[in-house]
Amino acid sequence: MGCIKSGIMGQIVGDALGLPVQFISRDERDLDPVTDMRGYGAFDMPPGSWSDDSSLILATMDGLSESLKMANHEENLRLHESIDYEMIMKNFSAWLNEGEFTPYGYAYDIGGATMDGIGRYDNGCEAILSGGIGERDNGNGSLMRILPIAFYIYYLSQRYLFDDVEKMGAAHDLSSLTHRHKRSQIACGIYVRIALEFIENHEKELNLTLEELIENGIRKSKEYYQNLNSFKGELHHFDRVFSLNIQNLSRDEIKSGGYCISSLEASIWCLLNNANYKDTVLAAVNLGYDTDTTACIVGGLGGIYYGLEDIPSDWIEELAKLDYIYDIVNEFDNEISEIID
Ligand SMILES: [Mg+2]
């Protein structure tokens, strides 16, 4: 499953590149653009440190691996029944409360909605009902950790038949652990739909362009949501995404704060205006503000598209606890291979 590793490493490298300059404005970035792995800054961490984004991605993959071990591998495996959301949320709680899935044994850079969702779970709430449903609960905290489900859906679809309701429902449910508002769910759904196109392009060597892949993913997700009454009221927030014109917007029109729509738009804009992994993630970091998360979100798709060999190897080797990251990625990869081989 070649592109699991390239996608996940693309995300973690993006997170680590952005972390030291998180919260800092675009104007300041323009005066001092990031061109290489830095350290210290926002959380005073050494170079190669990764944050909540990567921790929750690793926690998700570990939970999905456990789910696959427990799943009944019969002929009629249903997607939603195969995923143990309680297991994933237990991992999120272990991250926040016990420092599991972190570089240095404690959690840092914790988003508000994520903390609230885990708090509800710790107080007895069912995992998929733990996320906030307020309009202000639409940060990018679920979008940044959603990519593993795209791999899970794509590869299990090689053996089992899942319809779009199941596929998009899995993205929505995984978002809902911390972000249950429909806007966050749709942002995750669109991103996963695009990621599925990227993964297929890699696996089937289709050699489609970034424009074609992103357009296909957006078009399919638009068709999906337009037919669902329960999501209709939220769709106008995605007008710029659905218009397929993000690439042509000026940099000033692209926001890079912590709002899920901004991060989705920024990641599409960075991908379509750059031609390799390095330039794509650096463009995301140099938008300023929520630098680690924007670069993490764009880095996942960039990693899948350009491949592991296009991610600078010195950036990968600089990552904290690299062997630990590889162990979790490899286990996820192996559990998927066991099912579909
Ligand atoms: Mg972070």
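The following refers to the structure shown. Predicted model, so just to flag it, every value in this text is computed and none were measured.

Things to note about the overall build of the protein chain
Along the backbone of the protein chain there are 17 helices and 0 strands. Taken over the C-alpha trace, the protein chain has a radius of gyration of 18 Å; the compact-globule value for 341 residues is 20 Å, and the two agree within 12%. Each of the three principal axes of the protein chain carries a C-alpha extent, and together these read 55 × 45 × 40 Å. Among the 341 residues that make up the protein chain, the fraction classed as buried is 53%. Sequence-distant contacts, at least 24 apart, represent 75% of the contacts inside the protein chain between residues at least 6 apart.

Section: the nonpolar core
Grouped together as the largest cluster of nonpolar side chains are 102 residues, with contacts concentrated most on Ala150, Tyr191 and Ala195. No other element matches helix H9 (residues 182–203), which puts 11 residues into this core. When near neighbours in sequence (up to four residues on either side) are disregarded, alanine 150 contacts Val192, Ala195, Leu196 and Ile199.

Description of helix H6 (residues 112–122)
All of the buried residues along H6 are Ala113, Thr114, Gly117, Ile118 and Tyr121. Seen end-on, H6 carries its buried residues on one side only, within an arc spanning 130°. Of the surrounding secondary structure, the elements contacted by the buried residues of H6 are helix H5 (85–98). Remark: glycine 124 follows H6 within two positions and exhibits a positive phi of approximately 110°.

Section: the packing of helix H1 (residues 2–18) against helix H17 (residues 322–340)
At a closest axis distance of 10 Å, the pairing of H1 and H17 adopts a crossing angle of 145°. H17 is crossed by H1, and the crossing has right-handed handedness. In this structure, H1 uses Ile4, Lys5, Ile8 and Ile12 to contact H17, whose residues at the interface are Ile325, Val329, Phe332 and Asp333. Its residues assigned to classes, the contact of H1 with H17 shows 6 nonpolar, no polar and 2 charged.

Brief notes about H5
Residues separated by three or four positions in an α-helix point in the same direction, a consequence of the helix having 3.6 residues per turn. Between its first and last C-alpha, H5 extends 19 Å over 14 residues, near the 20 Å set by a 1.5 Å rise per residue. When we look at burial in H5, the residues that qualify are Tyr85, Ile88, Met89, Asn91, Phe92, Trp95 and Leu96. On an axial view of H5, the arc spanned by its buried residues comes to 150°, and they lie on one face. If you follow the buried residues of H5, they end up packed against helix H3 (52–70), H6 and helix H8 (164–176). Within two residues after H5, glycine 99 carries a phi angle of roughly 75°, on the positive side.

What to know about the environment of leucine 228
Within the secondary structure layout, leucine 228 lies in the loop between helix H10 (210–226) and helix H11 (229–232). C-beta crowding within 10 Å serves as the criterion here: with 13 such atoms nearby, leucine 228 is assigned to the partly exposed category. As a C-alpha pair, leucine 228 and glutamate 317 span 89 residues in sequence and 45 Å in three-dimensional space.

Side note on the environment of glutamate 234
Within the secondary structure layout, glutamate 234 lies in the loop between H11 and helix H12 (239–242). In this structure glutamate 234 comes out as partly exposed when scored by C-beta crowding, with 17 C-beta atoms within 10 Å. C-alpha separation for the pair glutamate 234 and histidine 181, spaced 53 residues apart in sequence, amounts to 9.8 Å. In this view, glutamate 234 contacts Lys182, Arg183 and Ile186; residues no more than four positions away in its chain are not counted.

Looking at the packing of H1 against helix H15 (residues 291–306)
In contact at an axis separation of 7 Å, H1 and H15 are set at 155° when each is read in the N-to-C sense. By the angle between their axes, H1 is roughly antiparallel relative to H15. Between H1 and H15 lies a crossing of right-handed hand. Contacts from Cys3, Ser6, Gly7, Met9, Gly10, Gln11, Val13, Gly14, Asp15, Leu17 and Gly18 in H1 reach Thr291, Asp292, Thr294, Ala295, Cys296, Val298, Gly299, Gly300, Gly302, Gly303 and Ile304 in H15.

Considering unusual backbone geometry
Its identity is not glycine, yet phenylalanine 23 carries a phi of approximately 80°, on the positive side. By the element assignment, phenylalanine 23 lies in the loop between H1 and helix H2 (26–31). Backbone geometry places phenylalanine 101, a non-glycine residue, at a positive phi of 60°. Residue classification places phenylalanine 101 among the buried positions, given that 25 C-beta atoms sit within 10 Å.

Criteria and thresholds
Residues numbered from 1 in each chain as written. Predicted model: local features only at pLDDT ≥ 70, side-chain atom pairs only at ≥ 80, totals over all residues. Helix = DSSP H or I, 4+ residues; strand = E, 2+ residues; numbered from the N terminus. Rg over C-alpha atoms; globule rule 2.2 N^0.38 Å. Buried ≥ 20, exposed ≤ 12 C-beta atoms within 10 Å, placed from the backbone. Contact = placed C-beta atoms within 7 Å. Core = buried A, V, L, I, M, F, W, Y, C linked by C-beta atoms within 7 Å. Arc of directions from axis to C-beta. Axes fitted to C-alpha atoms, helices over the stretch in contact; angles between N-to-C directions. Left-handed = near helix turned anticlockwise from the far one by under 90°. Nonpolar A, V, L, I, M, F, W, Y, C, P; charged D, E, K, R; others polar. Expected span 1.5 Å × (residues − 1). Parallel < 35°, antiparallel > 145°, perpendicular 65-115°, else oblique.

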